[in-house]
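Each chain is listed here by its residues.
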Amino acid sequence: MTTHRLLLLPGDGIGVETIAEVERVIAFFNEKAKGTAFDAESDLVGGAAIDKHGVPLTDDAMAKAAAADAVIFGAVGGPKWDGLPYEVRPEAGLLRLRKDLGLFANLRPAICYSALADASSLKRELVEGLDIMIVRELTGGVYFGEPKEIVTLENGKKRAVDTQVYTEEEIERIARVAFDLARQRGKKVHSAEKRNVMRTGVLWNEVVTATHKAYAPDITLEHILADNCAMQLVRNPKQFDVIVTDNLFGDILSDEAAMATGSLGILPSASLGAPDAKDGTRKALYEPVHGSAPDIAGKGLANPIATIASFGMALRYSFDMGRQADLLDKAISNTLAAELRTADIMQQGMRQVSTAAMGAAIVEELGKLGV
Ligand code: NAD
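A. Broad picture of the overall build of the protein. For the protein, the count of helices and strands is twelve helices and 14 strands. Expected size for 371 residues packed as a compact globule is a radius of gyration near 21 Å; at 21 Å, the protein falls within 12% of this value. For the C-alpha atoms alone, the extent of the protein along its principal axes is close to 60 × 50 × 50 Å. Expressed as a percentage of its 371 residues, the buried residues of the protein come to 51%. Partitioning the contacts of the protein with sequence separation of at least 6, the portion at a separation of at least 24 is 73%. Accessible surface, the protein as shown: approximately 16,600 Å² in total, 52% of it carbon and sulfur. Between the centroid of the 41 positive side chains of the protein and the centroid of its 51 negative side chains there is a distance of 3 Å.

Structural data, given as structure tokens:
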């Protein structure tokens, strides 16, 4: 029997409601999946942790996260904590988790469930069956490079500077993540940068090319300028399998690709750290892309699919349970095909259900599929 240790951090607002549906899925696997068990404990993060402990993440919760095989995170924040200083705001809990766990690779899938293809702003034929993985470098680049400042010049006018910095090591490790993922998927990687105008783009291109040659000759690599990538994502998104890019371009391209799939309520994500030198396992945090949605919190209106699909990513990328991850994806897809909808994705003629009813229906579908 293999036991996987999970830390569940529901956080605030709808995070609490959507993580409850993940607990339902975990209970299902614990009952039905042979040879595997999940040992899940929960703790506070964000505003809930501030209210109880005065900080958005306690050292104790951080230690639990570091000891867990994967962290499943809900969402943090809300108007109640908006006025707090930056370092003690709810978001600081998430930032600390990312920093202390060394999560440098952000995985943002853009998957279009057939039943929701008409909700996309793109034409059905462009998005139906879409399955892209955007791998964004998360801890380097222009968001962190120094100098980062606004200075007043001698003439009294201001000047702002942000600095894009990448080292060979940072580029190589994110390229490896992209090649590893492509190997489990469609075996194709597009590397997006701006080598035509940026020195970091030139180095990015060189290092990805060298990493490909040495580490992943079995994968097809194509280089693409990031602006062209943005255009191609809306012109013909299905040409892509894995896209690897830096922090800034990844921020923008992943949001663009995600919108091709419809609602925030269905978008999962993962953030991974470096492989452990001894056993190759990676620190990992899985979370929906959406926030705590205070406007609908506590009303049973939240769509739990993004959080459940984030747990599906944990099955695939932390626990080598690809078959079960496929079944969970299929259960979500079947539930949508059966015309069940939460309010955010409601369409005419469909049946509107609550957060809990959607979670229960997905688990029921899982039961039909067999694990
Ligand atoms: P949001 O993602 O919480 O909500 C945006 C809109 O989408 C809202 O109308 C909301 O009702 C809807 N929505 C989001 N998720 C949904 C779901 N699963 N089902 C149905 N509808 C859903 O973004 P926001 O309103 O800009 O931010 C609200 C709070 O969340 C803020 O405090 C913000 O700082 C925080 N936030 C946290 C995270 C995070 O924890 N990672 C991310 C983004 C925002």
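B. Broad picture of the site of the ligand. In the region of the ligand, 21 residues are neighbours, and E91, G291, A293, D295 and N303 sit closest. Between the ligand and G78 there is a distance of 3.1 Å, counted from an oxygen atom to a backbone nitrogen or oxygen. Within the backbone of A293, an N or O atom sits 2.8 Å from an oxygen atom of the ligand. Against a free-state accessible area of 810 Å², the protein chains account for coverage of 68% of the ligand. Of all the elements in the fold, those that place two or more residues in the shell around the ligand are β3 (70-75) and α4 (91-100). Among the residues forming the shell around the ligand, the class breakdown is ten nonpolar, seven polar and four charged.

C. Representation of the domain arrangement of the protein within the structure. Here the domain parsing of the protein yields domain 1 (1-104 + 273-371) and domain 2 (109-131 + 163-262). Taken over C-alpha atoms, the centre of domain 1 sits 25 Å from the centre of domain 2. Across the boundary between the two partners, domain 1 contributes 14 residues, which contact eleven residues of domain 2. Approximately 1,100 Å² of surface area, both sides summed, lies buried where domain 1 meets domain 2, with 68% of it carried by carbon and sulfur atoms. For the pair domain 1 and domain 2, the number of links is one salt bridge. For the salt bridge of D180 with R282, the shortest nitrogen-to-oxygen distance reads 3.9 Å. On inspection of domain 1 and its partner domain 2, the count reaches one residue pair in polar contact (both at pLDDT 80 or more).

D. Region of interest: the pairing of strand β7 (residues 158-163). Summarising the sheet, strand β6 (residues 145-152) and β7 pair through five bridges and their orientation is antiparallel. Pairing of G145 across the sheet is with T163, part of β7. Count of turn residues in the β6/β7 antiparallel hairpin: five residues, of which G156 carries a positive phi of about 85°.

E. Broad picture of the pattern of salt bridges. Within the structure shown, the criterion is met by 26 salt bridges. Close ionic contact of R24 with E21 constitutes a salt bridge, the shortest N to O distance being 2.7 Å. Of this pair, R24 and E21 both sit in helix α1 (residues 14-32), three residues apart, which is roughly one turn of the helix. For E21, a relative accessible area of 5% puts it in the buried group. For D251, the salt bridge identified is with R136, shortest N-O distance 3.7 Å. Residue D251 is found in helix α9 (residues 247-259), and its partner R136 is found in strand β5 (residues 131-137); the two are separated by 115 residues along the sequence. Given the relative accessible area of 25%, D251 is considered partly exposed. Among the charged side chains, a salt-bridge network with shared partners connects D180, R183, D218 and R282.

F. Expanded view of the packing of helix α6 (residues 168-183) against helix α7 (residues 199-215). One can describe the packing of α6 onto α7 by two numbers: an axis separation of 9 Å at closest approach and a directional angle of 50°. Taken together, the axes of α6 and α7 lie oblique to each other. Helix-helix and strand crossings are classified by hand; for α6 and α7 the assignment is right-handed. Each of E168, I171, E172, I174, A175, R176, F179, D180 and R183 in α6 lies in contact with α7, whose residues at this interface are L203, W204, V207, V208, T211, H212 and Y215. Grouping the amino acids of the contact of α6 with α7 by side-chain chemistry returns nine nonpolar, two polar and five charged.

G. Summary view of the side chain of T18. Checked against the element boundaries, T18 lands in helix α1. A polar atom in the side chain of T18 sits 2.9 Å from the side chain of T307. Ignoring sequence-local partners within four residues, the contact set of T18 consists of A302, N303, P304 and T307.

Calculation rules
Residues numbered from 1 in each chain as written. Predicted model: local features only at pLDDT ≥ 70, side-chain atom pairs only at ≥ 80, totals over all residues. Heavy atoms only, no water. Helix = DSSP H or I, 4+ residues; strand = E, 2+ residues; numbered from the N terminus. Rg over C-alpha atoms; globule rule 2.2 N^0.38 Å. Buried < 20%, exposed > 50% of the residue type's maximum accessible area, 1.4 Å probe, protein only. Contact = heavy atoms within 4.5 Å. Areas by Shrake-Rupley, 256 points an atom, 1.4 Å probe, with all protein chains shown as cover. Lys, Arg positive; Asp, Glu negative; His and termini not counted. Charge placed at Lys NZ, Arg CZ, Asp CG, Glu CD. Near = heavy atom within 4 Å. Polar contact = N/O pair within 3.5 Å; in protein donor to acceptor, adjacent residues only side chain to side chain. Nonpolar A, V, L, I, M, F, W, Y, C, P; charged D, E, K, R; others polar. Domains from an automatic or database assignment. Buried area = accessible area lost by both parts, 1.4 Å probe. Salt bridge = Lys/Arg side-chain N within 4 Å of Asp/Glu carboxyl O. Pairing = 2+ DSSP bridges. Axes fitted to C-alpha atoms, helices over the stretch in contact; angles between N-to-C directions. Parallel < 35°, antiparallel > 145°, perpendicular 65-115°, else oblique. Left-handed = near helix turned anticlockwise from the far one by under 90°.

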